[in-house]
Amino acid sequence: MGTSQDPHKPPNSPRIIPRPEHTLSRGCVSQNALKVLYRLKDCGYQSYLVGGCVRDVLLGHEPKDFDVATDATPEQIRKAFRNCRLIGRRFRLAHIHFGRDYIEVATFRGRGDDDGDDGGDREVRDGRLISDNVYGSIEEDAERRDFTINALYYNIEDFSVRDYVGGFEDLKARRLRLIGDPEQRYREDPVRLLRAVRFAAKLQLDIDPATEKPLTELGASLDQVPPARLFDEVLKLFLTGHAQRTTRLLQHYGLFEALFPDSARCAREQPGYARMLQRAMENTDERVAQNKPVTPAFLFAVLLWAPLQTRVEPAVADGMPLHDAIHSAAEEVISRQVEQIAVPRRFSVPMRDIWHLQPRFKHKVGKKARKLLEHPRFRAGYDFLLLRAEQDESLAELGQYWTELQELSGKALKDALAPQSGKGGRPRRRGKQKSGETGQ
């Protein structure tokens, strides 16, 4: 089964993989998810684990979330759980809360033909799915999911895995394949273009040729996606530990340019900036692997740095003060970018601070240097300086100076910041910090 199966229509009956033939056990499932599964079962409803949690366990990864699919309607789910909250408009979902944790439960989705005879609430506009509150069977639900590897169902009754679309064989072959006609599925929801890249990078899967072909053709359709939703998708692309592979794939398929047109152009024209992007993604992946914090502000500061510089340099050459040039360029760069990807103020403000701090690092002594050390964004600005210094040898000594200065305290720090010690002097050296250790 798998490649021989018609990818455009699931069979009437599933392939059932019995417990001895797969690696998913109840020991891999959170206790809260098991409580939801068994409560639904005891109430007479079908209940399955589905999606990424099933996929990840079968691939040997540890799932972060557990999602449940059922034939119970949202209202029936709410009656079965006092700790239930219904959310969503495009498709209503139930969140079963356990303190800070919750389990997401979705009713099986139907095909929702657009003839209006199903009594549902499905709206398609310009080929895109706008709303989708049509309920159906598990077979229809499998057909409506995006990739075959996300359409595997773990049955709590007999602990088997049900496969309606060849996803189990695709997992074994490490193949990413869309369910249905790829171009149509991408046009229904262009975010699937980014999901294809994210899954291929994260899970190290080969993209099926039919699924891959539209990736280079439909990047412009991302303009139809709300900028706020694209922001969330960008965080998943770059801040989950697979930014290097993700960036290469986005660039390969032309999707990086669809998301960051100015940055993509600068990366093509400026090899140094292209290397800076690559190194920033390497650092981010290293930090995620070490369970260190990463911030969207630093990520976007890197992604938009070259577009900023292409505006700052001409303005300064025309006589504008550097601070004013950075401020003006930041306004323009951010305004252009948020038309595509919304960057909330809680991230755009510290991003601006990182940029404005860069010229201040040239002040090595005196009050300006001390105020810089005390600035709440100093660490992020310093990390950014080190990242720049890796590609610009003229900044290497400056980066080393501030690395050594942070190792001083008390009288040693006071002496180092004294104006008479700053002209040609440098603080006592205690070893060079690697840029990969930056704190963002």
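Note that the structure is predicted; figures quoted are calculated from it, not measured.

## Quick notes on the overall build of the protein chain
From N to C terminus, the protein chain includes 22 helices and 12 strands. Summed over its atoms, the accessible surface of the protein chain is roughly 21000 Å², and 47% of this surface lies on carbon and sulfur atoms.

## Observations regarding the pairing of strand β3 (residues 67–70)
Regular strands place side chains that alternate from one sheet face to the opposite one. Two strands pair when backbone bridges link them, and strand β2 (residues 47–50) and β3 are joined in this way by 4 bridges, in the antiparallel orientation. Residue pairing across strands places serine 47 opposite threonine 70, the latter belonging to β3. Bridge count for β3 against strand β6 (residues 101–107) is 4 bridges, and the pairing is parallel. By the bridge assignment for β6, threonine 70 is matched with threonine 107.

## A closer look at the environment of phenylalanine 260
Checked against the element boundaries, phenylalanine 260 lands in the loop between α11 (255–259) and α12 (261–269). On the basis of relative accessibility, which here comes to 0%, the residue phenylalanine 260 falls in the buried class. Between the C-alpha atoms of phenylalanine 260 and glutamine 340, which are 80 residues apart in sequence, the distance is 8.0 Å.

## Topic: the environment of glutamate 139
With respect to the helices and strands, the residue glutamate 139 is situated in helix α4 (residues 138–144). Taking relative accessible area as the criterion, glutamate 139 reaches 26% and is therefore assigned partly exposed. In sequence terms glutamate 139 and serine 13 are 126 residues apart; their C-alpha atoms lie 8.0 Å from each other.

## Considering the pattern of salt bridges
A side chain of one charge can pair with a side chain of the opposite charge when the charged atoms of the two come close. A full pass over the atoms with the stated rule returns 26 salt bridges. Glutamate 183 is the salt-bridge partner of arginine 187, the closest N and O atoms lying 3.2 Å from each other. Taken together, the positions of arginine 187 and glutamate 183, both in helix α6 (residues 182–188) and 4 residues apart, correspond to about one turn of that helix. What makes glutamate 183 partly exposed here is its relative accessible area of 35%. Members of the salt-bridge network, linked through shared partners, are Asp262, Arg311, Glu332 and Arg336.

What counts, and at which threshold
Residues numbered from 1 in each chain as written. Predicted model: local features only at pLDDT ≥ 70, side-chain atom pairs only at ≥ 80, totals over all residues. Heavy atoms only, no water. Helix = DSSP H or I, 4+ residues; strand = E, 2+ residues; numbered from the N terminus. Areas by Shrake-Rupley, 256 points an atom, 1.4 Å probe, with all protein chains shown as cover. Pairing = 2+ DSSP bridges. Buried < 20%, exposed > 50% of the residue type's maximum accessible area, 1.4 Å probe, protein only. Salt bridge = Lys/Arg side-chain N within 4 Å of Asp/Glu carboxyl O.

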